[in-house]
Amino acid sequence: MKGRLDFDPERCSYGAATLAVRRILREWAEVDWFVPPRGLVATVRATRLFSEHHALARSLRPDLFEGPLEVELVRGNFTDFAALCERVRQPGMKWDWKYGALKQLSYAHSCAHGFSLESQAARTEEGSPKPGDLFFRLGDHVMWNQVAPKLELKPWLTPEQAEFAAWYIGYANMDVTECIEWQLAESSDDLSGNPFAPLLRCYAEGCLPFGISPSEVILFAFDL
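Worth saying up front: this structure is predicted, and the values here are computed from it rather than measured.

Asker: What exactly am I supposed to notice about the pairing of strand β4 (residues 208-213) here?
Answerer: Side-chain positions along a regular strand alternate between the two faces of the sheet. Taking burial as the measure, the six residues of β4 include five buried ones, the bulk of the element. By the bridge criterion, five bridges tie β4 to strand β5 (residues 216-222) in an arrangement that is antiparallel. Along β5, the bridge assignment pairs Gly211 with Val217. Where β4 folds back onto β5 in an antiparallel hairpin, the turn is made up of two residues.

Structural data, given as structure tokens:
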């Protein structure tokens with residue numbers, strides 16, 4: 001299943017990073033969720049893309065991304081997928097891939113380039129955001145607007161499956177925000193140095209990443 005954007009990225013301007021942000025949004029809208037990868041080639045590409053992501057991240061923050069990294073491809077059904085979701089979101093996890101590594105990587109990069117939500121206040125209108133706006137302002141506070149594609153899960157999944165699917169979509173959408181923020185901080189259309197770009201393309205190949213530990217990642221693929 002694919003999501004839908006409620007705006008046309010081609011009609012939106014994001015400063016010096018406009019072309020990159022448009023590309024990120026277009027590619028993310030094309031991700032086909034919770035379906036098997038398109039053959040062995042797709043899983044090979046996904047593994048390569050995740051390794052590329054990790055290598056870029058480690059070159060910038062070796063303290064957060066250890067090596068060597070074990071990337072394991074696991075195939076299964078929705079029950080297996082739900083079990084992995086439960087595994088990584090349990091409160092007792094000693095290591096948090098999203099907040100303990102990726103978020104820290106993004107935050108350090110933004111700080112180094114002088115980017116913050118507060119720095120967007122002067123160019124962000126107060127009140128409800130327009131379609132495609134990345135930020136909105138309430139008083140002195142600037143917040144991210146949710147621009148990721150909307151997915152209709154309930155017509156296709158059972159209530160239990162939809163609960164896990166919705167959680168994972170939110171888990172994955174964090175990477176889109178970080179990818180966009182990286183480009184805004186860079187003020188550039190060049191995605192080659194953005195460690196989140198190959199990570200997003202990993203999802204597009206039909207392999208859903210789960211960070212288990214600093215040295216172990218599972219790429220989950222639904223069976224045919």
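Asker: Explain unusual backbone geometry to me, please; I cannot follow it from the model alone.
Answerer: Across the chain, the bulk of peptide bonds are trans and the bulk of non-glycine residues have phi less than zero. The phi dihedral of Phe34 is positive, around 60°, even though this residue is not glycine. Judged by its relative accessible area of 12%, Phe34 falls in the buried class. A positive phi is found at Ser187, a non-glycine position, where the angle reads about 50°. For Ser187, the location among the structural elements is in the loop between α5 (159-186) and α6 (196-204).

Asker: Looking at this structure, how should I read the packing of helix α3 (residues 78-89) against α5?
Answerer: Think of two packed helices as two axes; the pair is described by the angle between the axes and how far apart they sit. Following both chains from N to C, one finds α3 and α5 inclined at 50°, their axes separated by 10 Å at the closest point. It follows from the interaxial angle that α3 and α5 lie oblique. Like other packed secondary-structure pairs, α3 and α5 cross with a definite hand, here left-handed. Of the residues in α5, those in contact with Phe78, Phe81, Ala82, Cys85, Glu86, Val88 and Arg89 of α3 are Gln161, Glu163, Phe164, Ala165, Trp167, Tyr168 and Tyr171. The class makeup of the residues in the contact of α3 with α5 is ten nonpolar, one polar and three charged.

Asker: Please clarify how α5 should be interpreted in this entry.
Answerer: Between its first and last C-alpha atoms α5 spans 41 Å; for 28 residues at 1.5 Å apiece the expected length is 40 Å, and the two agree. Of the residues trailing α5, Ser187 is marked for its positive phi of about 50°.

Asker: What am I meant to see in the pattern of salt bridges here?
Answerer: Side-chain pairs of opposite charge can arise where the charged atoms are in close proximity. Within this structure, the stated rule accounts for 15 salt bridges. Residue Glu52 pairs with Arg48 through a salt bridge whose shortest N-O separation is 3.9 Å. One end of the pair, Glu52, and the other, Arg48, are both in helix α2 (residues 40-60), four residues apart, so they sit about a helical turn from each other. Overlapping salt bridges bring together Glu10, Arg22 and Arg26 as one network.

Asker: Help me understand the packing of aromatic side chains in this model?
Answerer: Centre-to-centre distance and the angle between the planes together describe a pair of aromatic rings. This structure, assessed with the given rule, holds 25 aromatic pairs. Seen from their ring centres, Phe115 and Phe135 are 6.5 Å apart, and the 45° between their planes marks the pair as tilted. Of this pair, Phe115 sits in the loop between α4 (97-112) and β2 (135-138) while Phe135 sits in strand β2, placing them 20 residues apart in sequence. One exposure class covers both Phe115 and Phe135, and it is buried. When the ring centre of Trp167 is taken as reference, the NZ or CZ atom of Arg89 above it lies at 5.4 Å. The cationic tip of Lys98 hangs over the ring face of Tyr171; the distance from NZ or CZ to the ring centre is 4.4 Å.

Definitions and limits used
Residues numbered from 1 in each chain as written. Predicted model: local features only at pLDDT ≥ 70, side-chain atom pairs only at ≥ 80, totals over all residues. Heavy atoms only, no water. Buried < 20%, exposed > 50% of the residue type's maximum accessible area, 1.4 Å probe, protein only. Helix = DSSP H or I, 4+ residues; strand = E, 2+ residues; numbered from the N terminus. Pairing = 2+ DSSP bridges. Axes fitted to C-alpha atoms, helices over the stretch in contact; angles between N-to-C directions. Parallel < 35°, antiparallel > 145°, perpendicular 65-115°, else oblique. Left-handed = near helix turned anticlockwise from the far one by under 90°. Contact = heavy atoms within 4.5 Å. Nonpolar A, V, L, I, M, F, W, Y, C, P; charged D, E, K, R; others polar. Expected span 1.5 Å × (residues − 1). Salt bridge = Lys/Arg side-chain N within 4 Å of Asp/Glu carboxyl O. Phe/Tyr/Trp six-rings, centres within 6.5 Å; stacked < 30°, edge-to-face > 60°. Lys NZ or Arg CZ within 6 Å of the ring centre and 35° of its normal.

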